[in-house]
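Chain residues, written in single-letter form:
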2 protein chains.
Amino acid sequence: MSKILRVNMENRTAEFQEVPDQYALMGGRWLTTSIVCDEVEPTCHPLGPKNKIVVAPGIVTGTAAPTSARISVGGKAPLTGTIKEANAGSIFPYRMAQMGLKAIIIEGQPEDPEQFWLLEVSKDGATFQPADEYCGQMLSESFQALYERYGDKTPIMGIGTSGEMRMSMAGICFNDQDGRATRYAGRGGLGAVLGSKGLKFIVLDYSDAPGVEIADKELFDTGRRKLRDALREHPVTKPGGALNSYGTAVLINILNEAGGLPTRNFSRGTFEGAAKIAGEAINAACQERGGAGMTGHGCSPTCIIQCSNVWPDEDGNEVVSCIEYESDWALGANCEIDDLDAIAKMVKLCNEYGLDTIEAGVTIGVAMEAGLAEFGDAKKAIKLLKKIGKGKGIGRILGQGAAFTGRAYGLTRVPTVKGQAMPAYEPRAVKGIGVTYATSTMGADHTSGYTIAPEILAVGGDLDALEIQGKAETSRNLQVATAFLDATGHCLFIAFAILDIAEGFQGMIEECNGVLGTNWTADDVTAIGKEILKKERGFNEAAGFGPMDDRIPEFMHLEKLPPHNVTWDVPDEMLDSVYDF
Amino acid sequence: MSKILRVNMENRTAEFQEVPDQYALMGGRWLTTSIVCDEVEPTCHPLGPKNKIVVAPGIVTGTAAPTSARISVGGKAPLTGTIKEANAGSIFPYRMAQMGLKAIIIEGQPEDPEQFWLLEVSKDGATFQPADEYCGQMLSESFQALYERYGDKTPIMGIGTSGEMRMSMAGICFNDQDGRATRYAGRGGLGAVLGSKGLKFIVLDYSDAPGVEIADKELFDTGRRKLRDALREHPVTKPGGALNSYGTAVLINILNEAGGLPTRNFSRGTFEGAAKIAGEAINAACQERGGAGMTGHGCSPTCIIQCSNVWPDEDGNEVVSCIEYESDWALGANCEIDDLDAIAKMVKLCNEYGLDTIEAGVTIGVAMEAGLAEFGDAKKAIKLLKKIGKGKGIGRILGQGAAFTGRAYGLTRVPTVKGQAMPAYEPRAVKGIGVTYATSTMGADHTSGYTIAPEILAVGGDLDALEIQGKAETSRNLQVATAFLDATGHCLFIAFAILDIAEGFQGMIEECNGVLGTNWTADDVTAIGKEILKKERGFNEAAGFGPMDDRIPEFMHLEKLPPHNVTWDVPDEMLDSVYDF
């Protein structure tokens, strides 16, 4: 029988509770959003005692469902002031679900803001230990120490120095299936919320874990096979396919071709050095350098897409996993840095300090705009990142993100929505993703309605990226479907396969029905997706957000983006129509 | 015939324009607010090309009306994102009005953000000169150079280094009647807007100024005598009265007694060192030290209250004018600094860099909370101010104000509303002023509805400061009356006399009728005040502000303030009722 673990940091108590009926069928984002909406005052201070962090594996997480070991983390985000769900693939949710833990709710706040704690969770209960010894450390160092203390298969969730310092670009770190401290629920600054609660790490002891209860094993197996087959068939997700061969950075050349690769702090849509940092270059270097270098690496259990990589130095020694498209772009093209070794070093630093790489890279770009470094100066960029990790001097500016940094230096070319940095797609050149950035319940976020699929990749349709017509609907439909997908515990990347292959989509639903004993159809997928979005939107409205917050920054209306020389010209009414449902 | 001077900084043009009919009767805040609402897109970036700065003397400014040489500066504020009117007493509006200049509108933005300009305005037109030679200077140094260039009676308006760096605590500086660079339209960061437009100084050549046209000289004279008599009679404003003898800092002891003097970054309502920094202590030191030391100094022409002072060093040499209550408190009690010489040095630095002293002091308090200095450490506080003026390292954090600094260091005890620092009255101990802070159209602002008069000073009524009942109405009525008063060009301090003495109030209306040829009554005062507020509120709503922004920070709901041990407990519904008119 599933439980919820409620952790109060004010008096350091932790107790298992029954799952209330209304949460029985929920998982992932559906559950984190619902609990946040039920328990957190929308107007509360994100770093105050009234905010909460809710952690939940997806509905099918912990089972053999393909590519399903995702965990959702919810709360009110310091970066945006909105509700937030950030998710990651890791061994943590896989084991947590198998322990019968439907959610962990972390609430309250200790009196002493300098004291940090570690929470040990097992089937018998949860115990606090002082965690000060890990404070100030690199995350890889802390994880290593925790493996020595608790065993090297221990699932860990925690924050780096950035979270300790309550920085708005602090993510929440989880271990990958090889034990690296590298998988992030990165966006929105939820790491700062955990820091404000004095919770440095949670470790799981999953011995005697009962596993996930499956109501209809046969149906579940039918479903997961359908999804598996779809993933193995689709050119984007299949073994040896685009993601598996080149990782997510396969998108570098594609977006560059489309003129939609934000370059030099969103002042151009193409990057001269694109080929040098592209997924193809990563793949080639991994093969050439050998040693630890690897593409086609899986970040979490059950994944059959395996799009992660391990970047090696010239001698084949591991530098970092993983150079994702977003990190590669943010710290590369966006800063006009075309050196993968330098980018790898920066990704490594982000992982060590606990930073969201997108927010970090866009912030460095804004800092370059402010004259703190020349565009293209990787050495200086690395120095700036180190200042963040140490919280020294202007590190306290940069650590609060791109919007904050832009304000500190009085700039207007600051690519953010609701205070969150835009990801690696230029909204002026790819209109639909701009609609998603503007209207997402979480600030500029590509994952909440990935219109890049139909606009750039001809997946789930084939739309003209520069065309405005119909993009509100495209974004809306994808936002709805994604909200459901984020509830299941699957990685967003199954979307490629299920958008194009109906059987795969059916398989996803059958997996859920198999686990839960429900009879959901595609209509339920839509209804649940809408329910999640409505709750999130309601939270934001109660927090004071309105239509004027669903806007793309002024400079994108005024400045033409080369090479297409286009401005942001989607009418406000179209943005305001996205939530008409 | 009055004119408007329209200045475009994109192409550096400046032309006199006829005053459109709808603005004919307006002055001061009424005019700046109306032009901003008519011409500025509420959602524009405050530092982008679409924002404007509007400068306007009051309706009776430039005449012999007592205490009437105020200037309003309007625009969209970088600190708050709201509309803003900040005003100052100076020779500038006095001469500007006499030149027949009803308003200066500064719009557009040059391409090169590093180039600064000086605008010479005379009856014949307006001419641009490069101003780079003044950049980076202390303001007193620049003003001195401008006097040598243009004559020592030249009215000057301009920004310091903080405005050049587009900092949100940058005010707009004007000269006092002795030529000091010390009178500020301080709040909201309008200096940053001027900086974003590359306009460093405006100088007026008022030779052959025709003077203010007065439609009915007799009525005007009747009115101004009534107001003069009221000012001379009221214990707060009369010669040798509270303000004249002790300056505004007479309030230090009074608020301390009331338990409403925010101390140690708004964690207590009383300050042990209050008596050492009180107006009485300023007066005593000025007398004892002699030399340049002076209380009862007038900041601007026509003032008969004369509440300014000149602080001398131990040898009687001038250090700074003026140690206002707000500056004294912000840099003193709020930082637990009880040394007037140190406070004077800090006020001097604020004047030199062009900083709003309230925002600066509250920011230093928050920085102390963050551990950047010990409370009470004046030397360190001075160092922090110098970092702001130079824009080095964390100076870029502090220069953006208290809310920004609080976020940089992950704090929750941050006393701001809509991003603007609270002034020197604790809302938990003086409920009505909290209602004004929360609902003012400009962020936390005492001057927009000074309930301290009836709540603490028994002026215009006698209310219990700790009582909630009726405070929405008190704040509303004062906000309405103040909006009108800010249109007239009178200093807010005439309010003491006109609230208690009906003839004085009548005199103010008759002055306006005398100048304009109107037949306004008290009902028109209310109607015009409401019109101004509605326009401002409308601007803010169109910019995305709603009820959730009209709130006092969470920590004041949660933490009890000694000595009364009270929290902020005014119901939200009461706040939301303030604009029910």
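Peer 1: Break down the overall build of chain A for me, citing the residues and quoting the values.
Peer 2: Looking only at helices and strands, chain A features 24 helices and 17 strands. Overall, chain A is about 60 × 50 × 50 Å in size when its C-alpha atoms are taken along their principal axes. Taking all 581 residues of chain A together, 64% fall into the buried category. Relative to all contacts within chain A whose residues are 6 or more apart in sequence, the contacts with residues 24 or more apart total 72%.

Peer 1: With reference to specific residues and values, describe the sheet that holds strand S14 (residues 308-312) of chain B.
Peer 2: All names here are of chain B. The antiparallel open sheet is built from 3 strands, whose spatial order is S13-S14-S15. Of all the strands in the sheet, the pair left with one neighbour each is strand S13 (294-297) and strand S15 (318-320). Neighbouring strand axes in the sheet, compared pairwise and without regard to direction, differ in orientation by 35° on average. Relative to S15, S14 runs antiparallel, the two being bridged by 2 bridges. If you follow Pro-312 over to S15, its bridge partner there is Glu-318. Strand contacts of helix H12 (residues 340-353): S14 and S15, with the helix running at about 65° to S15, the strand carrying the most contacts.

Peer 1: Summarise the relation of the copies chain A and chain B; cite the residues concerned and give the values.
Peer 2: For these two chains of identical sequence, chain A goes onto chain B by a turn of 180° and a shift of 0.0 Å along the axis, with RMSD 0.0 Å. What the superposition gives is, in effect, a two-fold axis relating one chain to the other. Interface overlap between copies is the fraction of interface residues in one copy that are interface residues in the other; for chain A against chain B it reaches 100%, indicating a shared surface.

Peer 1: How would you explain the environment of Gly-332 of chain A if you had to name every residue and give the values?
Peer 2: Residue and element names in this part refer to chain A. With respect to the element layout, Gly-332 can be found in the loop between helix H11 (325-331) and helix H12 (340-353). A residue is classified by how many C-beta atoms lie within 10 Å of it, and Gly-332, with 33 of them, is buried. Those residues in contact with Gly-332 that lie beyond four places of it in its chain are Ile-277, Ile-337, Asp-338 and Ile-343.

Peer 1: Explain unusual backbone geometry to me, and be specific about the residues and the numbers.
Peer 2: Residues and elements named next belong to chain A. For the bond running from Ser-321 to Cys-322, omega is 20°, close enough to zero to count as cis. Non-glycine residue Thr-67 carries a positive phi angle of around 55°. When you line up the elements, Thr-67 lands in the loop between strand S3 (53-57) and strand S4 (70-76). Look at Thr-67 and you get buried, because 27 C-beta atoms sit within 10 Å. Here Ala-458, not a glycine, exhibits a phi torsion of approximately 55°, which is positive.

Peer 1: Explain the sheet that holds strand S10 (residues 172-175) of chain B to me, using residue names and the numbers behind them.
Peer 2: Residue and element names in this part refer to chain B. The strand order S8-S7-S12-S9-S10-S11 describes an open sheet built from 6 strands, whose pairing is mixed. On the outer flanks of this sheet lie strand S8 (125-130) and strand S11 (181-185), each paired with one strand and no other. Each adjacent strand pair in this sheet contributes to an overall mean axis angle of 25°, direction not counted. Alignment of strand S7 (residues 117-122) against strand S12 (residues 199-204), held across 5 bridges, turns out to be parallel. In the sheet register, Leu-119 faces S12, and the bridge partner there is Ile-202.

Peer 1: An account of the interface of chain A and chain B is needed here, citing residue identities and associated values.
Peer 2: Of the residues lining the interface, 27 residues belong to chain A; the matching set on chain B comes to 27 residues. Taken together, the elements giving at least two residues each to the side of chain A that touches chain B come down to helix H5 (190-196), helix H15 (395-398) and helix H16 (402-408) of chain A. Considering every element that reaches the side of chain A that touches chain B, the biggest residue donor is H16 of chain A, with 3 residues. Classifying every residue of the side of chain A that touches chain B gives 11 nonpolar, 10 polar and 6 charged.

Peer 1: Could you give an account of the packing of H12 of chain B against helix H14 (residues 378-390) of chain B, naming the residues involved and the relevant values?
Peer 2: Residue and element names in this part refer to chain B. Here H12 crosses H14 at 0°, and the two axes come no closer than 10 Å. Here H12 lies roughly parallel to H14, going by the angle between them. Where H12 approaches H14, its residues Ala-342, Lys-345, Met-346, Leu-349, Glu-352 and Tyr-353 are matched on the opposing element by Ala-378, Ala-381, Ile-382, Leu-385, Lys-386, Ile-388 and Gly-389.

Peer 1: Explain the pairing of S10 of chain B residue by residue, including any values.
Peer 2: Residue and element names in this part refer to chain B. Along S10, one buried face is formed by Ile-172 and Phe-174 and the opposite face, lined by Cys-173 and Asn-175, is buried too. Examined bridge by bridge, strand S9 (residues 156-158) and S10 share 2 bridges and lie antiparallel to one another. Looking at the pairing, Gly-158 lines up with Cys-173 of S10. Both S10 and S11 contribute to a ladder of 4 bridges, which runs antiparallel. Residue pairing in the sheet places Asn-175 in a bridge with Ala-181 of S11. In this structure, the hairpin formed by S10 and S11 is closed by a connection of 5 residues, where Gly-179 is found at a positive phi of approximately 95°.

Peer 1: Quick rundown of the nonpolar core? Include the residues and the values.
Peer 2: Nonpolar side chains tend to gather and get buried jointly when the protein is soluble and globular. Of all hydrophobic cores here, the largest spans 396 residues; its most connected members are Ile-252 of chain A together with Ile-252 of chain B. With residues near it in sequence (within four places) discarded, Ile-252 of chain B still touches Leu-261, Ala-274, Ile-277, Ala-278, Gly-279, Tyr-325, Asp-328 and Trp-329 of chain B.

Peer 1: Can you tell me about the environment of Thr-80 of chain A, naming the residues and giving the values?
Peer 2: Residues and elements named next belong to chain A. For Thr-80, the location among the structural elements is in the loop between S4 and strand S5 (83-89). Thr-80 gets classed as buried once you count the C-beta atoms within 10 Å, which come to 30. The spatial distance from the C-alpha of Thr-80 to the C-alpha of Val-417 is 8.4 Å, given a sequence separation of 337 residues.

Peer 1: Any details on the domain arrangement of chain A? Residues and values, ideally.
Peer 2: All names here are of chain A. Looking at the assigned domains, one finds that chain A contains domain 1 (3-204), domain 2 (244-424) and domain 3 (427-500 + 520-581). A separation of 27 Å is found between the C-alpha centroids of domain 1 and domain 3. The partner domain 3 presents 24 residues to the 32 residues of domain 1 that form the contact. Residue assignment for the side of domain 1 that touches domain 3 shows that the elements contributing at least two residues are helix H1 (28-39), S4 and S5. Residue classes in the side of domain 1 that touches domain 3 are distributed as 11 nonpolar, 16 polar and 5 charged.

Peer 1: So what's going on with the packing of H1 of chain A against helix H19 (residues 471-488) of chain A? Which residues, and what values?
Peer 2: All names here are of chain A. It is the contact of H1 with H19, at a shortest axis distance of 4 Å, that shows an interaxial angle of 95°. Judged by the inter-axis angle, H1 sits roughly perpendicular to H19. Counted together, Gly-28, Arg-29 and Trp-30 of H1 and Ala-483, Asp-486, Ala-487 and Thr-488 of H19 form the full contact between these two elements. Split by residue class, the contact of H1 with H19 holds 3 nonpolar, 2 polar and 2 charged.

The rules we used
Residues numbered from 1 in each chain as written. Chains lettered and ligands numbered in written order. Predicted model: local features only at pLDDT ≥ 70, side-chain atom pairs only at ≥ 80, totals over all residues. Helix = DSSP H or I, 4+ residues; strand = E, 2+ residues; numbered from the N terminus. Buried ≥ 20, exposed ≤ 12 C-beta atoms within 10 Å, placed from the backbone. Contact = placed C-beta atoms within 7 Å. Pairing = 2+ DSSP bridges. Axes fitted to C-alpha atoms, helices over the stretch in contact; angles between N-to-C directions. Least-squares fit on C-alpha atoms with pLDDT ≥ 70 in both. Nonpolar A, V, L, I, M, F, W, Y, C, P; charged D, E, K, R; others polar. Parallel < 35°, antiparallel > 145°, perpendicular 65-115°, else oblique. Core = buried A, V, L, I, M, F, W, Y, C linked by C-beta atoms within 7 Å. Domains from an automatic or database assignment.

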